[in-house]
Amino acid sequence: AWPPPDGKYEPFLSIQTAENFTLHGAGAIDGQGHDWWWLFALNKLDHKRPVLVEIDGSSRVAVRDVALLDSPRFNLYLGPFTRGALIERVTILCDWEAQAALAAQANPGFNRGGVAAGVLPMFPFNTDGVDVAGRDVVIRDSVISNWDDVVAVKPSVARDAKGGTAPGCTRNVEVRNLTVYRGAGLSIGSVHPTPELPCVRDVTFEEISLYSPLKGPYVKPDLGSGDCDRLGADCGALIDNVTYRSIKMYRSPEGFLTPPDWPETERAARARSLANGTRSAAVEKALAAFRAARFGDAPAYDCDANNYFCMEWPLYVGTQQQLEPDGTGSGIWPRTEPRVDVRNIRFVDVKSHGGEWPASAALVRCNASNPCRGLVFQDVVLDADAFVTGRKYVCDGRDAAAGVATGDNAPDPRDCLRDDDDDDGGS
């Protein structure tokens, strides 16, 4: 992983310009990420940490029946020139307990929004499960525990600013039949507006069970760069035609839930042992203080800019929540970005059960000058033992999002939606 001149550590395994390639077997690739996470938590790295497995410029590739453990950064990355990939029966595990301990050691006495260091891991350690760009990708029948994006469908660009060949939008991605423990989102993005017009289209997530998730469905446009603002460039981006179907989320107030069919590898057995334990005294103390401060008499939604608990949502459509150890990132309650078009996002048979969510049931924050359009909520039931700031949808008003709610929805998303054919709401 020695850094080359371009300032990027090389992946452990890099597959470029391959055809009809398969990575498979009953073994594991151990990324030995703990030292990397420690250096990252201390802000001691001059380069981004390496990816465990990277594939790009390749067609008709498959990754199956392997385990990826403790990656320094992303576990599996498919680049924008990928054309046809199948990821199946993959196990991805990340030692999130070690990440929490590292965060505490890196910031002794650190406190943000009443939350002691180490109670929650630093957000994020960037240990994404599978990051996908390119076209015609299927991810299925896998188990992931990684405390970051479970699957993140990343944008590719529609035009090349230097006049070269652009890969075109990321599109035709299907993610189904996953079992997830302690993940941070079935994610689209993040998608930033740029002159190259990054875009994601035609994505489906379906038949996925998430145990003790930090987020469920997560659609995340993000803020444009300073260059777009300073130069007056023609910046834009697109997220279009995304479906979340049959997504089930489970949380518990007693301890971290574990899926019943957790794989019996040695590392997975250790993860299950941790999962079946009760929460640490530090976690319980912080949650008790949080409940005392927030429960009952908080009539208006409040999300402190430094409150990491405000990053936990069953359903989230809005600017990416991110705050790196060096202070970079859009933040925990960032402004909305009008230069990203968000269109035709469907939530069908999305359910959340049990436990406590530190915020509310869902967030839909778009920009009134360019509203999200074509949102569909059909049989979306987001329940819990408690939502600390109330069981409701949080938004910036009905002018910022347009769509329909059908079937059995609870809570009712219509307070955050105007009719899709009402063109006056965003003017």
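The text that follows walks through the structure, step by step, so that each part is easy to find. (Residues numbered from 1 in each chain as written. Predicted model: local features only at pLDDT ≥ 70, side-chain atom pairs only at ≥ 80, totals over all residues. Heavy atoms only, no water.)

1. A look at the sheet that holds strand β14 (residues 151-153)
As summarised here, the arrangement of the 10 strands in space is β1-β4-β7-β12-β14-β17-β19-β21-β24-β27, forming an open sheet in which the pairing is parallel. The open sheet has two edge strands with one neighbour each: β1 (13-16) and β27 (393-395). Shown here is a sheet whose adjacent strand axes are inclined to one another by a mean of 10°, direction ignored. (Pairing = 2+ DSSP bridges. Helix = DSSP H or I, 4+ residues; strand = E, 2+ residues; numbered from the N terminus. Axes fitted to C-alpha atoms, helices over the stretch in contact; angles between N-to-C directions.)

2. Looking at the pattern of salt bridges
Counting across every chain of the model gives 19 salt bridges. With a closest N to O distance of 2.8 Å, Arg 64 and Glu 88 form a salt bridge. Of this pair, Arg 64 sits in strand β5 (residues 59-64) while Glu 88 sits in strand β8 (residues 83-88), placing them 24 residues apart in sequence. Among the residues examined, Arg 64 registers a relative accessible area of 22% and is labelled partly exposed. Under the relative-accessibility criterion, Glu 88 is labelled buried at 6%. Put simply, Arg 89 and Glu 88 hold a salt bridge, and the shortest N to O gap is 3.5 Å. We classify Arg 89 as partly exposed; its relative accessible area is 40%. Here the residues in one salt-bridge network are Arg 64, Asp 65, Glu 88, Arg 89, Arg 140 and Asp 141, joined through shared partners. (Salt bridge = Lys/Arg side-chain N within 4 Å of Asp/Glu carboxyl O. Buried < 20%, exposed > 50% of the residue type's maximum accessible area, 1.4 Å probe, protein only.)

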